[in-house]
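Each chain is listed here by its residues.
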Amino acid sequence: MMTGNLYLIHVSNLRSFNMIILFMKSLPSLLKTKNTVNHEGNAPVLDCCMSPDGNTVFSVGADKAVRMWQLGQAPPNNVPQQIGSHDQPIKSVGFLKSSNMIVSGGYDKMLKFWDARQPNPVAQIQLPERVYDLDVSDSLMVVACAGRHILTYNVQGQPQEHERKESPLKFQSRCVAAFPDNTGYAVGSIEGRVGIQYVTKVPGKESFAFKCHRDGNNVYAVNHIAFHKGYGTFSTVGADGIVNFWDKDNKQRLKGFPAIHRTITCAQFNAQGNMFAYASSYDWSKGSSQHAPNTPNEIFVHHVQDEEIKPKGKKSGYR
């Protein structure tokens, strides 16, 4: 996640290297490491998010803990304060602006809502399956679970379930992202496909799905989806090592990056939308037999030009 000139990247290598890294932009093309912290026992960090004011980082991981890192403070033993827990590893975390609560979703099939000042969850919701990803945009929260379950909630005040449905995609969900205008969400799967789903009626707009991150007969997972807050366009990154920018409203690809020949696991636009960071590390899509320990974990930053991400006008179908 990025806010202002701060860049928050989580790196998760399921065998050894696990930390949260905070960068600061010191020059137009240079990122300088600002600080790093770890979860207890160097457990993998599986997700992180930042408070709206940019002063606090919340993270979750394989140590089953929800942790809070107040920037500018050095936590004891370099491990952030624990503010919550699950019975199994925690896969995803988000921040609810309307209530200043943190939401976490885990492999224990639970959603839990936390007030950082209290040791016990403010609320919790039993889910049909393990959480694979969740995202929050103002009043809309969308949760993707195992078994292709997708649930949406109204989180303006007390969380209320809006809808639960089966994913429009035929295979396992990998990632999900809410539209910036809160009218729907995008879901990506392991089959190289993205589903665009509306949760409220929008005149002239219908839900649909399209193929991406494919090369002939080779099909790659869509690992992450990120929306540009200004234009409502979005990025996908995948196991094929490619970044794409898309316009869902006009159903077209805006830009395709050259392949870096390594899997890309996550990405995000900054708050202003003029910078785009993406991280490369092994995503375990081919199992432990294809893991190369000496392959570096790398972070790339792209200066976004307006013509790369701004909608260009209506065309017929994705290309």
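One can find the structure itself at the top, above this paragraph.
Reference entry: report on the structure contained in this document.

So, how was this worked out
- Residues numbered from 1 in each chain as written.
- Predicted model: local features only at pLDDT ≥ 70, side-chain atom pairs only at ≥ 80, totals over all residues.
- Heavy atoms only, no water.
- Pairing = 2+ DSSP bridges.
- Helix = DSSP H or I, 4+ residues; strand = E, 2+ residues; numbered from the N terminus.
- Axes fitted to C-alpha atoms, helices over the stretch in contact; angles between N-to-C directions.
- Core = buried A, V, L, I, M, F, W, Y, C linked by side-chain atoms within 4.5 Å.
- Buried < 20%, exposed > 50% of the residue type's maximum accessible area, 1.4 Å probe, protein only.
- Contact = heavy atoms within 4.5 Å.

### Focus on the sheet that holds strand 20 (residues 208-211)
Strands sit in the order 17-18-19-20 across an open sheet of 4 strands; the sheet is antiparallel. Edge strands, defined here as strands with exactly one partner in the open sheet, are strand 17 (173-178) and strand 20. Pairs of neighbouring strands in the sheet enclose a mean axial angle of 20 degrees, with direction left out of account.

### Let's talk about unusual backbone geometry
For Lys64, which is not a glycine, the phi torsion comes out positive at approximately 70 degrees. Looking at the element boundaries, Lys64 is found in the loop between strand 6 (56-61) and strand 7 (65-70). Of note, Arg148 is a non-glycine position whose phi angle comes to about 65 degrees, a positive value. Relative to the elements of secondary structure, Arg148 occurs in the loop between strand 14 (140-145) and strand 15 (149-154).

### Quick word on the nonpolar core
The biggest cluster of nonpolar side chains holds 17 residues, and the ones touching the most others in it are Val103, Leu111, Phe113, Leu127, Met141, Val143 and Tyr153. Contributing elements (two or more residues each) for this core: strand 10 (101-106), strand 11 (110-114), strand 12 (123-126), strand 13 (131-137), strand 14 and strand 15. Other than its neighbours up to four places away in sequence, Leu111 contacts Val103, Ser104, Gly105, Ala123, Gln124, Ile125, Leu127, Leu134, Met141, Val143 and Tyr153.

### Considering the pairing of strand 27 (residues 264-269)
One ladder, built from 5 bridges, connects strand 27 with strand 28 (residues 275-280); its direction is antiparallel. Its bridge partner being in strand 28, Cys266 is matched across the sheet by Ala279. Turn length for the strand 27-strand 28 hairpin, with the two strands adjacent in sequence and antiparallel, is 5 residues, and the turn residue Gly273 shows positive phi of about 80 degrees.

### Here's the deal with the sheet that holds strand 27
Spatially, the 3 strands line up as an open sheet ordered 27-28-29, and their pairing is antiparallel. Of all strands in the sheet, those with a lone pairing partner are strand 27 and strand 29 (298-303), marking the two edges. With direction set aside, neighbouring strand axes in the sheet form an average angle of 20 degrees. Two strands pair when backbone bridges link them, and strand 28 and strand 29 are joined in this way by 6 bridges, in the antiparallel orientation. Looking at the pairing, Ala279 lines up with Ile299 of strand 29.

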